[in-house]
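This is what each chain is made of:
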Amino acid sequence: MDANQPNNTMSETKNSQYLYVFRSQQDAPQPTPEQMEQIMGEWMAWIRNIREQNRYQAGDPLDDNGKVLRGPKGATITDGPFVEAKELVAGYFIVTAPDLDAAVEMARGCPIFRRGGSVEVRRIEHIPG
Amino acid sequence: MGALVEHIFRRESGRLVAILASRLGSEHLHLAEDAVQDALLKAMQTWTFHGIPPNPTAWLLQVARNRAIDQTRRTQAFRGKEADIAPLVEEAAGDALAVAAPRFEDEIGDNQLRMMFVCCHPGIAPEGQVALMLRTLCGFGEREIAAAFLISEAAVSKRLVRARQCLRESGVSFDLPGPEELVPRVDAILQALYLLFNEGYKASHGDALLRADLCEESIRLCELLVANPAGDRTAAWALLALMHFGVARLPARVAPDGNMLLLAEQDRSLWDRSRIQRGVACLERSGRGGHVSKYHLEAGIAFFHCMARDFRSTNWREILALYDMLVAIDNSPVGGLNRAVALAMVNGPEAGLDAIAQLPRAGVLADYHLYHAVSAQLQAEAGMIDAARASFRKALDLAGNEAEREFLRRRLEALGASGS
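Residues numbered from 1 in each chain as written. Chains lettered and ligands numbered in written order. Predicted model: local features only at pLDDT ≥ 70, side-chain atom pairs only at ≥ 80, totals over all residues. Heavy atoms only, no water.

*Asks:* Describe in detail the overall build of chain B, supporting the description with residues and values.
*Replies:* Helices and strands together make up the secondary structure of chain B, namely 20 helices and 0 strands. Since a compact globule built from 420 residues should have a radius of gyration of about 22 Å, the 24 Å found for chain B is in line with a globular shape. On the principal axes, the C-alpha backbone points of chain B span a range of 80 × 45 × 40 Å. Per-residue burial for chain B yields a buried fraction of 53% across its 420 residues. Per element, the accessible surface of chain B, about 18700 Å² overall, is 53% carbon and sulfur. (Helix = DSSP H or I, 4+ residues; strand = E, 2+ residues; numbered from the N terminus. Rg over C-alpha atoms; globule rule 2.2 N^0.38 Å. Buried < 20%, exposed > 50% of the residue type's maximum accessible area, 1.4 Å probe, protein only. Areas by Shrake-Rupley, 256 points an atom, 1.4 Å probe, with all protein chains shown as cover.)

Now the structure itself:
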């Protein structure tokens, strides 16, 4: 993607992709409109920061509604929002980083921690070939 | 990705609730509020990644419509009535979205004006009216209303529940009141806006930014009111003038160290001249008609303060004349106290103290810290230092917040140095 930036080629080859999975507290109080603006501003600033390092690849929020399938042939289906879960997967990012430690370090800036949420960081395994 | 417009969520909340509620009817106000809250949450998640859409109101309206229909399906309270409400929601959103761009803003202004009349329905207690306006028209959360009024969230919640219940039970209409009903209904709105403004404007307590927001919101709503023929009344223009004159002087009320400053101590170069000009323009509009309201008199007093180069050269005679009229139409002990201050500036501190001694219902004032603070100030000026000390101490005992106590402590200390 950065073909016109020869300096990056080396780090490009060394970088791996990492998945951030964001989970937020289900029972957190609903933010007021003013707090929503603040939260959105914090996320935008964080994403901008990752973009500026050329490490942001993709990301999306997830709708609260959904279904969970379980059991033989996925016959047991639970409708979301999933009240039995304390945390709800709220969205994901795909970023690039040289190693897990660097990906973790970058995740520390996530605004989700201010409201009791969590970020799971996982390296995406690519099958060579 | 566009830059964040300040208070965009609060603003959109106020617009959306008015649009939906004015079509769904006051009995479904809660449904409108919930659908808008859901739509805002969705916006917060989506806009973060994709930026704010060019027409956020239309974007939110689409989402709120879907949420409202979902909700009528899911909620027990709507069971069985779903068939009636879902088409209503569909029609409400469709209607609003069909309004072409240039008329869209007028349409929103019109909806918000109707909402204002609904919020200030005479069946709702004044503090409930103010809370409901902040919630529905200004997009404040219960947490913020509680912080602004220094009451608990539970108390705010109760006020809002009662207000919504009144609307539901009385089936309050979103139609503008007819000509015979219009004057008292507009008066009720003015009274609520006056309350809202004073809550933001009164002596420094709580969150200063939040309180400044209350002042700005009351100005915005008052501007909305006078922009419509239904609310274009001289008293409304006078209230708007009073608000501008007040907000213009806000930046000078607090010293850099956070201490409150007396009018006499304020750096008048910090007053916002363009605001004062807007106040003057509103005051001129308010003069087109014979009726003189208390807002006219208060705006007049604020005008003379704004025009004065310094405290000493203030036109105290005019201010005293206005207070005389104010006391004549609204004989409140607090108004009388303010008049005594103006009288002291014209005829000396003893005259002010005499006026305080003759105040009607002085018993009401005995627990009011400013009564003792004003007395103390005048006693000090009259050389009655011991009496002044005692009055300041009484005021200190009664003052409700730390900023005011600090202010009074400084006065008392100054007295110690010069008195002995």
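What follows picks up the thread again.
*Asks:* Give me the lowdown on the environment of Glu 298 of chain B, citing residues and values where you can.
*Replies:* Residues and elements named next belong to chain B. Looking at the secondary structure, you find Glu 298 in helix α13 (residues 294–307). Counting along the chain gives 59 residues from Glu 298 to Leu 239, while the straight-line C-alpha distance between them is 8.4 Å. If we ignore the near neighbours within four places in the chain, the residues touching Glu 298 are Tyr 194, Leu 242 and Leu 326. Among the polar contacts made by the side chain of Glu 298, one reaches the side chain of Tyr 194 at a distance of 2.6 Å. (Contact = heavy atoms within 4.5 Å. Polar contact = N/O pair within 3.5 Å; in protein donor to acceptor, adjacent residues only side chain to side chain.)

*Asks:* Go over α13 of chain B, please, and point to the residues and values.
*Replies:* Residues and elements named next belong to chain B. Given a rise of 1.5 Å per residue, 14 residues ought to cover 20 Å, and the 20 Å separating the end C-alpha atoms of α13 matches this to within 8%. The buried count for α13 comes to 10 of 14 residues, which makes it a mostly enclosed element. Taken together, the buried positions of α13 are Lys 294, Tyr 295, His 296, Leu 297, Ala 299, Gly 300, Ile 301, Ala 302, His 305 and Cys 306. Where α13 is buried, its residues contact α9 (179–201), α11 (234–249), α12 (273–286) and α14 (316–329). (Expected span 1.5 Å × (residues − 1).)

*Asks:* Can you tell me about the sheet that holds strand β6 (residues 118–123) of chain A, naming the residues and giving the values?
*Replies:* With respect to topology, 4 strands assemble into an open sheet ordered β2-β5-β1-β6 (chain A), the strand pairing being antiparallel. Of all strands in the sheet, those bounded by a partner on one side alone are β2 (56–61) and β6 of chain A. Across the sheet, the mean angle from the axis of one strand to that of its neighbour is 20°, orientation sign disregarded. Two strands pair when backbone bridges link them, and β2 of chain A and strand β5 (residues 87–97) of chain A are joined in this way by 5 bridges, in the antiparallel orientation. Looking across to β5 of chain A, one finds that Tyr 56 of chain A is bridged to Val 95 of chain A. Lying on the sheet, helix α2 (residues 33–52) of chain A is in contact with β1 (16–25), β2 and β5 of chain A; it crosses β5 of chain A at an angle near 25°. Along the sheet face, helix α2 (residues 29–50) of chain B touches β2 and β5 of chain A and points at about 160° away from the line of β2 of chain A. (Pairing = 2+ DSSP bridges. Axes fitted to C-alpha atoms, helices over the stretch in contact; angles between N-to-C directions.)

*Asks:* Describe in detail the side chain of Glu 144 of chain B, supporting the description with residues and values.
*Replies:* Its place among the elements puts Glu 144 of chain B in helix α7 (residues 142–149). This buried residue, Glu 144 of chain B, is left without a salt bridge; Arg 10 of chain B holds the nearest opposite charge, at 5.7 Å. Engagement of the side chain of Glu 144 of chain B in a polar contact is seen with the side chain of Thr 32 of chain A, the distance being 2.5 Å. Discounting chain neighbours no more than four positions away, the residues touching Glu 144 of chain B are Thr 32, Glu 34 and Gln 35 of chain A together with Gly 139 and Leu 210 of chain B. (Lys, Arg positive; Asp, Glu negative; His and termini not counted. Salt bridge = Lys/Arg side-chain N within 4 Å of Asp/Glu carboxyl O.)

*Asks:* Go over the interface of chain A and chain B, please, and point to the residues and values.
*Replies:* Contact with chain A, which involves 25 residues of that partner, is made by 29 residues of chain B. Around 2200 Å² of area is buried between chain A and chain B when both sides are counted, 62% of it from carbon and sulfur atoms. A salt bridge links Asp 63 of chain A to Lys 42 of chain B; its shortest N-O distance comes to 2.5 Å. Contributions of two or more residues to the side of chain A that touches chain B are made by α2 and β2 of chain A. Element by element, the count of residues in the side of chain A that touches chain B is highest for α2 of chain A, at 12 residues. Each residue belonging to the side of chain A that touches chain B can be placed in one class, and the counts come to 13 nonpolar, 6 polar and 6 charged. (Buried area = accessible area lost by both parts, 1.4 Å probe. Nonpolar A, V, L, I, M, F, W, Y, C, P; charged D, E, K, R; others polar.)

*Asks:* Before we move on, can you summarise the pairing of β5 of chain A with the specific residues and values?
*Replies:* Here β1 of chain A runs beside β5 of chain A; their pairing, made up of 10 bridges, is antiparallel. Residue Gln 17 of chain A lies in a different strand from β5 of chain A, and its bridge partner there is Thr 96 of chain A.

*Asks:* Pulling in residues and values, what's your account of the environment of Arg 23 of chain A?
*Replies:* Residues and elements named next belong to chain A. On the secondary structure map, Arg 23 appears in strand β1. Judged by relative accessible area, Arg 23 falls into the partly exposed class, the value being 24%. Considered as a pair, Arg 23 and Ala 102 are 79 residues apart in the sequence and their alpha carbons are 20 Å apart. Apart from residues no more than four positions distant in its own chain, Arg 23 is found in contact with Glu 87, Leu 88, Val 89, Ala 90, Ile 112, Gly 117, Ser 118 and Glu 120. A polar contact of 2.7 Å, which involves the side chain of Arg 23, links it to the side chain of Glu 120.

*Asks:* Please give an account of α11 of chain B that cites residues and values.
*Replies:* With 16 residues, α11 of chain B should reach 22 Å at 1.5 Å per residue; the first-to-last C-alpha distance of 23 Å fits that figure. For α11 of chain B, the tally of buried residues reaches 16 of 16 residues, placing the bulk of the element in the interior.

*Asks:* I'd like a description of the packing of helix α18 (residues 369–381) of chain B against helix α19 (residues 385–398) of chain B, backed by residues and values.
*Replies:* All names here are of chain B. At a minimum axis separation of 8 Å, α18 and α19 run at an interaxial angle of 160°. Judged by the inter-axis angle, α18 sits roughly antiparallel to α19. Taken as a pair, α18 and α19 cross one another with a handedness that is left-handed. For the pair formed by α18 and α19, the contact residues are His 369, His 372, Ala 373, Ser 375, Ala 376, Gln 377, Gln 379 and Ala 380 on the first element and Ile 385, Ala 387, Ala 388, Ser 391, Phe 392, Lys 394, Ala 395 and Leu 398 on the second. (Parallel < 35°, antiparallel > 145°, perpendicular 65-115°, else oblique. Left-handed = near helix turned anticlockwise from the far one by under 90°.)

*Asks:* Lay out the packing of α2 of chain B against helix α6 (residues 126–136) of chain B with the relevant residues and their values.
*Replies:* Residue and element names in this part refer to chain B. It is the contact of α2 with α6, at a shortest axis distance of 12 Å, that shows an interaxial angle of 40°. Along the contact surface, α2 presents Leu 29, Glu 33 and Gln 37, while α6 presents Leu 132, Arg 135 and Thr 136. A class-by-class count of the residues in the contact of α2 with α6 yields 2 nonpolar, 2 polar and 2 charged.

*Asks:* Describe the packing of aromatic side chains, and please don't skip the residues or the numbers.
*Replies:* All names here are of chain A. The tally for this structure, following the rule as stated, stands at 18 aromatic pairs over all chains. Between Tyr 20 and Phe 93, the aromatic rings sit 6.4 Å apart at their centres with planes inclined by 25°, giving stacked as the arrangement. Here Tyr 20, found in strand β1, pairs with Phe 93, found in strand β5; they are 73 residues apart in sequence, far enough to count as distant. With respect to burial, Tyr 20 and Phe 93 carry one shared label: buried. Plain terms: the ring middles of Trp 46 and Phe 93 are 5.3 Å apart, the flat faces sit at 20° to each other, and that makes the pair stacked. Remark: Phe 93 occurs in strand β5 and Trp 46 occurs in helix α2; sequence separation between them is 47 residues. Under the relative-accessibility criterion, Phe 93 is labelled buried at 0%. (Phe/Tyr/Trp six-rings, centres within 6.5 Å; stacked < 30°, edge-to-face > 60°.)

*Asks:* Describe in detail the nonpolar core, supporting the description with residues and values.
*Replies:* Counting residues in hydrophobic clusters, the biggest one holds 126 residues, and the most contacted among them are Tyr 20 and Phe 93 of chain A. In this structure, Leu 326, Ala 340, Ala 355 and Tyr 371 of chain B belong to the second largest nonpolar core, which totals 22 residues. (Core = buried A, V, L, I, M, F, W, Y, C linked by side-chain atoms within 4.5 Å.)

Such coordinate-based values are descriptive only and should not be taken to indicate function.
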